[in-house]
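Residues per chain, in single letters:
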2 protein chains.
Amino acid sequence: VPDTVWTIVVAAGSGQRFGMPKQYEELGGRRLLDWALEAAKAAGDGVVLVLPAADVPAGDPSTVAGGASRSESVRHGLAAVPGDADIVCVHDAARPFASAALFEAVVDAVRAGADGAVPGVAVTDTVKVVDGTGAVVSTPERSTLRAVQTPQAFRADVLRRAHESGREGTDDAALVEAIGGRVVVVPGDPLNRKITHPDDLAWARAQIASSR
Amino acid sequence: VPDTVWTIVVAAGSGQRFGMPKQYEELGGRRLLDWALEAAKAAGDGVVLVLPAADVPAGDPSTVAGGASRSESVRHGLAAVPGDADIVCVHDAARPFASAALFEAVVDAVRAGADGAVPGVAVTDTVKVVDGTGAVVSTPERSTLRAVQTPQAFRADVLRRAHESGREGTDDAALVEAIGGRVVVVPGDPLNRKITHPDDLAWARAQIASSR
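Just so it is clear, the structure is predicted and the values come from calculations on it, not from any experiment.

K.L.:
Could you give me a rundown of the confidence of the model for chain A, with the residues and numbers involved?
P.N.:
On average, residues of chain A carry a pLDDT of 94, and 98% of them reach 70 or more. Predicted as a complex, the structure gets a pTM of 0.88 and an ipTM equal to 0.91.

K.L.:
Could you give an account of the packing of aromatic side chains, naming the residues involved and the relevant values?
P.N.:
For the coordinates displayed, the defined rule picks out four aromatic pairs over all chains. A centroid spacing of 5.7 Å and a plane angle of 90° characterise the contact between W35(B) and F97(B), whose relative ring orientation is edge-to-face. Residue W35(B) is found in helix α1 (residues 32–43), and its partner F97(B) is found in the loop between β6 (87–92) and α3 (100–111); the two are separated by 62 residues along the sequence. With a relative accessible area of 17%, F97(B) lands in the buried category. Ring geometry for F97(B) and W203(B): centres 5.8 Å apart, planes at 65°, overall edge-to-face. In this pair, F97(B) sits in the loop between β6 and α3 while W203(B) sits in helix α6 (residues 198–210), placing the two residues 106 residues apart along the sequence. The residues F97(B) and W203(B) share a single accessibility class, namely buried. The ring of W35(A) has R30(A) sitting right over it, with the charged end atom 4.1 Å from the ring centre. Here the basic side chain of R193(B) rests over the ring of W203(B), its NZ or CZ set 4.0 Å away from the ring centre.

K.L.:
Residues and numbers for the relation of the copies chain B and chain A, please.
P.N.:
The transform that puts chain B on chain A rotates by 180° and translates by 0.0 Å along the axis, for an RMSD of 0.0 Å. Taken together, these values place the two copies in the relation of a two-fold axis. Among all residues of chain B, the one whose C-alpha sits closest to the rotation axis is W203(B), at a distance of 4.1 Å. Counting the interface residues of chain B, we find that 100% of their copies in chain A are interface residues as well, pointing to one common contact surface.

K.L.:
Lay out the packing of helix α2 (residues 70–79) of chain A against helix α4 (residues 156–164) of chain A in plain terms, naming residues and giving numbers.
P.N.:
All names here are of chain A. Where α2 meets α4, the axes come as close as 11 Å, and the angle between the chain directions of the two elements is 130°. The orientation of α2 with respect to α4, classified from their angle, is oblique. Relative to α4, the crossing made by α2 is left-handed. Listed contacts from α4 to S71, V74, R75 and L78 of α2 are L159, R160 and H163. Here the residues of the contact of α2 with α4 are counted per class, giving three nonpolar, two polar and two charged.

K.L.:
An account of the pattern of salt bridges is needed here, citing residue identities and associated values.
P.N.:
Side chains that differ in sign of charge can pair as their charged atoms come close. Using the criterion set out here, one finds 28 salt bridges over all chains in the structure. For K128(B), the salt bridge is made with E177(A), and the minimal N-O distance between the two is 2.7 Å. Within this pair, whereas K128(B) is found in strand β8 (residues 126–130), its partner E177(A) is found in helix α5 (residues 172–178), the two belonging to separate chains. Each member of the pair, K128(B) together with E177(A), is buried. Several salt bridges share partner residues, and in doing so they unite D3(A), D108(A) and R111(A) into one network.

K.L.:
Which residues make up the side chain of T150(A), and what are the values?
P.N.:
Residue and element names in this part refer to chain A. Turning to its location among the elements, T150 is positioned in the loop between β10 (145–148) and β11 (152–155). Among the polar contacts made by the side chain of T150, one reaches the main-chain amide nitrogen of D92 at a distance of 3.0 Å. Setting aside its immediate chain neighbours within four residues, T150 contacts R70, V90, H91, D92, R95, A98, L102, P119 and N192.

K.L.:
Explain the interface of chain B and chain A to me, using residue names and the numbers behind them.
P.N.:
In this complex, chain B contributes 33 residues to the contact, which on the side of chain A involves 33 residues. Both faces considered, chain B and chain A share a buried interface measuring about 3000 Å² in area, 50% of it formed by carbon and sulfur atoms. Across the chain B-chain A interface, the total number found is six salt bridges. When the shortest N-O distance is used, the salt bridge between K128(B) and D171(A) registers 3.1 Å. The tally of links between chain B and chain A comes to 22 residue pairs in polar contact (both at pLDDT 80 or more). In terms of residues, the side of chain B that touches chain A owes the most to one element, β8(B), which gives five residues. Tallied by class, residues from the side of chain B that touches chain A come to 14 nonpolar, eight polar and 11 charged.

Calculation criteria
Residues numbered from 1 in each chain as written. Chains lettered and ligands numbered in written order. Predicted model: local features only at pLDDT ≥ 70, side-chain atom pairs only at ≥ 80, totals over all residues. Heavy atoms only, no water. pLDDT = per-residue confidence, 0-100. Phe/Tyr/Trp six-rings, centres within 6.5 Å; stacked < 30°, edge-to-face > 60°. Helix = DSSP H or I, 4+ residues; strand = E, 2+ residues; numbered from the N terminus. Buried < 20%, exposed > 50% of the residue type's maximum accessible area, 1.4 Å probe, protein only. Lys NZ or Arg CZ within 6 Å of the ring centre and 35° of its normal. Least-squares fit on C-alpha atoms with pLDDT ≥ 70 in both. Contact = heavy atoms within 4.5 Å. Axes fitted to C-alpha atoms, helices over the stretch in contact; angles between N-to-C directions. Parallel < 35°, antiparallel > 145°, perpendicular 65-115°, else oblique. Left-handed = near helix turned anticlockwise from the far one by under 90°. Nonpolar A, V, L, I, M, F, W, Y, C, P; charged D, E, K, R; others polar. Salt bridge = Lys/Arg side-chain N within 4 Å of Asp/Glu carboxyl O. Polar contact = N/O pair within 3.5 Å; in protein donor to acceptor, adjacent residues only side chain to side chain. Buried area = accessible area lost by both parts, 1.4 Å probe.

And the structure:
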């Protein structure tokens, strides 16, 4: 019996950094979030979409309201994932260019035995850890760093346990790591950028224009 | 007496990641490196340019040959900086859009007492530390991370001492940190991106086109 794969698409942000709820911005004739939704639908057996509470349509069990934080939003999504799902992916709606191959790569790594798998790319800038005053505390060796993306795939039971704690993290892998889960990084895709600033949306539109 | 400020512009790369020596690529009617050179000249009292050995013109004491690594190239540049320089900036030729204000900010922070000052911007992706097998070792708290840029400014005597060790680092600040120097991060500029891939050069060209 093949593993059942579900994906939670997180689109619950209020757009604090972007200035407006970016998930509804137009990109190539669709909403930004439709790109992530479509990729997620093609990648597995089902999708749960997490939206701002005000935007959740009545009577659609596959669309749920987000929470006060990203991690809480994922928890709300996880509660709507069927109990027989074996592998759960979490994907940010702000990444329109995640490929089918990338979903496959993270799911395959979990099938191969990892508790979680995340795509990661090399970091080109030197990264420093600073304290509250802006003084440098340390410079981690750059070759050991990966900037990680979504989709992130997890064994469903491990992800559920990781979220039971109610902990917060900038990604789900961090929560799985915190309970001792083994997470591996697979090669990410430089094109799979997160749309954070209006500048990034301009870049995404240019990408689409140049690939047509 | 005001402090004497010199800048080392590092343009000694062979373009391993880029596919060709990127410092000579055309950008807005000039070579990529001319942008950094011009900003550096406006920012202080003198500039030393570090080029691939084959490209160093005879009889120009302000242009020197690079070494086998970035840190060695900076050391070669440092040897050509006059002994009476009080503050030395190091700037990568691959960053065409460093503003005069950014040079001023790092130099001012050193004038105010830091051993070194570097521009840094918030990190938008979650960053993980991995081991040699790609397994995640840790997830540093993202709010404490800064992606750092150049120009980086240093007290000249501290930078010289840091380089005496012959150590290697992905930036000069790491060498200063390694000998116990106090380095601070000042707000960087998202536009001050490093041109690493041909994609980045296309972005830089679009920036120039849209600002005209």
